[in-house]
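Reading the structure
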Amino acid sequence: MHKIRLIIQREYVTRVKKRSFLLTTFLVPLFFIGMYIGVIFLTKKSFDDTHAIVYVFDQEGTIAQNLENTKNLTYTYSNRALQHQIDSLKGSEKNTNILVIPADFFEARKVEFLSSGKPNVVTQKEVESQLGEILRDHAYQKLGVNTDSIKNINSSVSINAKEVTMDGETRDSNTEIAMGIALALSILVYISLFLYGSQVMRGIIEEKSSRIIEVIISSVKPFQLMMGKIIGIGMVGLTQFVLWIFLSLILAGVASTFLVSKEDLMNQMTQNESLSQATSSSSQLELYSALQSINFPELIICFFVFFIGGYLIYSALFAAVGSAVDSETEASQFTMPITMPLLLTYALSFGVLINDPHGSISTWLSFIPFTSPIAMLVRVPFGVPTWQLIVSALLLIGGFVLTTWFAARIYRVGILMYGKKASYKELLKWFRYKN
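Residues numbered from 1 in each chain as written. Predicted model: local features only at pLDDT ≥ 70, side-chain atom pairs only at ≥ 80, totals over all residues. Heavy atoms only, no water.

Named according to an unreviewed UniProt entry, the chain is ABC transporter permease originating from Sphingobacterium pedocola. Listed under Subcellular location (unreviewed entry) in UniProt, the entry text for the chain is "Membrane". (UniProt positions renumbered as here; feature names shortened; annotations may be inferred.)

With that settled, the discussion passes to helix H12 (residues 296-324). Here H12 contains 29 residues, and its C-alpha end-to-end distance of 42 Å stays within 8% of the 42 Å for a straight helix at 1.5 Å per residue. For H12, the buried fraction is high: 21 of the 29 residues fall into the buried class. (Helix = DSSP H or I, 4+ residues; strand = E, 2+ residues; numbered from the N terminus. Expected span 1.5 Å × (residues − 1). Buried < 20%, exposed > 50% of the residue type's maximum accessible area, 1.4 Å probe, protein only.)

Right, let's get into the UniProt feature "transmembrane region" (unreviewed entry) in the chain. UniProt annotation of "transmembrane region" (unreviewed entry) refers to residues 21-42, 177-196, 216-235, 241-260, 299-322, 334-354, 361-380 and 386-408 when read in the numbering used here. Helix makes up 100% of residues 334-354 and strand 0%, with an end-to-end C-alpha separation of 30 Å. As a span, residues 386-408 carries 100% helix and 0% strand, and end to end its C-alpha atoms are 33 Å apart.

The next point concerns the packing of H12 against helix H16 (residues 386-414). Viewed as axis vectors pointing N to C, H12 and H16 meet at an angle of 20°, and their least axial separation amounts to 8 Å. When the axis of H12 is compared with that of H16, the two are roughly parallel. Handedness of the crossing formed by H12 with H16: left-handed. Here the contact of H12 with H16 is composed, by residue class, of 16 nonpolar, 8 polar and 1 charged. (Axes fitted to C-alpha atoms, helices over the stretch in contact; angles between N-to-C directions. Parallel < 35°, antiparallel > 145°, perpendicular 65-115°, else oblique. Left-handed = near helix turned anticlockwise from the far one by under 90°. Nonpolar A, V, L, I, M, F, W, Y, C, P; charged D, E, K, R; others polar.)

Once that is clear, we can look at the side chain of Ser362. Following the sequence through the fold, Ser362 ends up in helix H14 (residues 360-365). The exposure class of Ser362 is buried, given its relative accessible area of 1%. Among the polar contacts listed, one links the side chain of Ser362 to the backbone oxygen of Asp356, at a separation of 2.8 Å. Setting aside anything within four residues of it in sequence, one finds Ser362 in contact with Val352, Leu353, Asp356, Pro357 and Arg379. (Polar contact = N/O pair within 3.5 Å; in protein donor to acceptor, adjacent residues only side chain to side chain. Contact = heavy atoms within 4.5 Å.)

Between its first and last C-alpha atoms helix H5 (residues 121-142) spans 32 Å; for 22 residues at 1.5 Å apiece the expected length is 32 Å, and the two agree. Within H5, burial applies to Thr123, Val127, Gln130, Leu131, Ile134, Leu135 and Asp137. For H5, the arc enclosing every buried residue in end-on projection is 160°, short of the 170-degree limit, so these residues lie on one face. Projecting away from the buried face of H5 at angles above 90 degrees are the exposed residues Val121, Val122, Lys125 and Glu128. A positive phi of about 75° marks Gly144, the residue just after H5. (Arc of directions from axis to C-beta.)

Moving on to the packing of aromatic side chains. Tallying each qualifying case throughout the model produces 10 aromatic pairs. Residues Phe303 and Phe304 carry aromatic rings whose centres are separated by 5.5 Å and whose planes lie at 75° to one another, so their mutual orientation is edge-to-face. On the basis of relative accessible area, Phe303 is assigned to the buried category, the value being 9%. Between Tyr346 and Phe350, the aromatic rings sit 5.3 Å apart at their centres with planes inclined by 85°, giving edge-to-face as the arrangement. Here Tyr346 and its partner Phe350 are both found in helix H13 (residues 328-355), 4 residues apart, which amounts to about one turn of the helix. Ring pairing ties together the aromatic residues Tyr190, Phe194, Phe318, Tyr346 and Phe350, which thus form one cluster. (Phe/Tyr/Trp six-rings, centres within 6.5 Å; stacked < 30°, edge-to-face > 60°.)

Set out below in structure tokens:
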């Protein structure tokens, strides 16, 4: 244990002192904040750039007066001949259009939409929506129905979702928030396991290529060296992960303080004064109740348990691969089969797992050690029986022990093998070697 502790300390201190650790620790939060700001800016610019001018030629005679300008759409009624207006499209700015409404519009239900270049889909949909409303109002008028009365009808329904617990009690539930948390955890765990597992593999390949491993292996056993590297890099990952959270929160607070215009905020508050205070209070109460429905202490505990368990399993496998090859190029044939269960669960989390978190597929995936780090964390926000959490955690621990034993038998031989391309047959032979 003393030698393993020394290896852990060596791996931790060495990697934390590296410039790459400091750069990634401080640059990653800046990158995500910058990406967030960039998305907002580009989205705003995209909407500004999609402002369209539509020249209307109303051959029916009553449609044009019912078309309304919007933020991204301006209707213009040209006095020029239609053909002359079409000819002028060739040299006009982008997103300039001509809307030709035929005389039999209410019977044919068709229009022509001419554009300078490829028509903008958003503009077409907005024009189509307004024309659809005009057609519907015309049909109501033919039936003698008052369209204003219909528009004032509020058909929205508010569903107060509740779940019945095992004790027979009811509590508020919000599926949308649970789905959001589940998908966020799925993405976070998938990226983290792959990132830090790859670091273990690259570290072993680097030491093996430089022959430093021959000096180290003379003082410690291969199993001690492998476990020391896995735990040491895992502690580096947890340190970096905690720093990312704190730095992201700090940067997000600074960005919201300095980038949000006070004038815009005051205007927004002035506009909101016209809204009912009861509606605002109701929305805040609904959000608070929705957050209360999530068991955050259980979620945090499960996150650390399944993240650490998943990291230990996949890091052991990545360590075995790193010991068997001389370069990262050779490692690709082994890393793909290793990461397939992780990738499959990650893909299923966007459909099967969040759609049916208590179904047979989701339940079985949360019990298999290679898929439970993602599958169980996706299911936790929806509520998982305690016995399933305990069984899954125990199976994950058992899977780690078995995987480590398997990886150690390959690691002890492969770490001293040079110049020979490993194959699956060769790995099996190394596994069968006696001490």
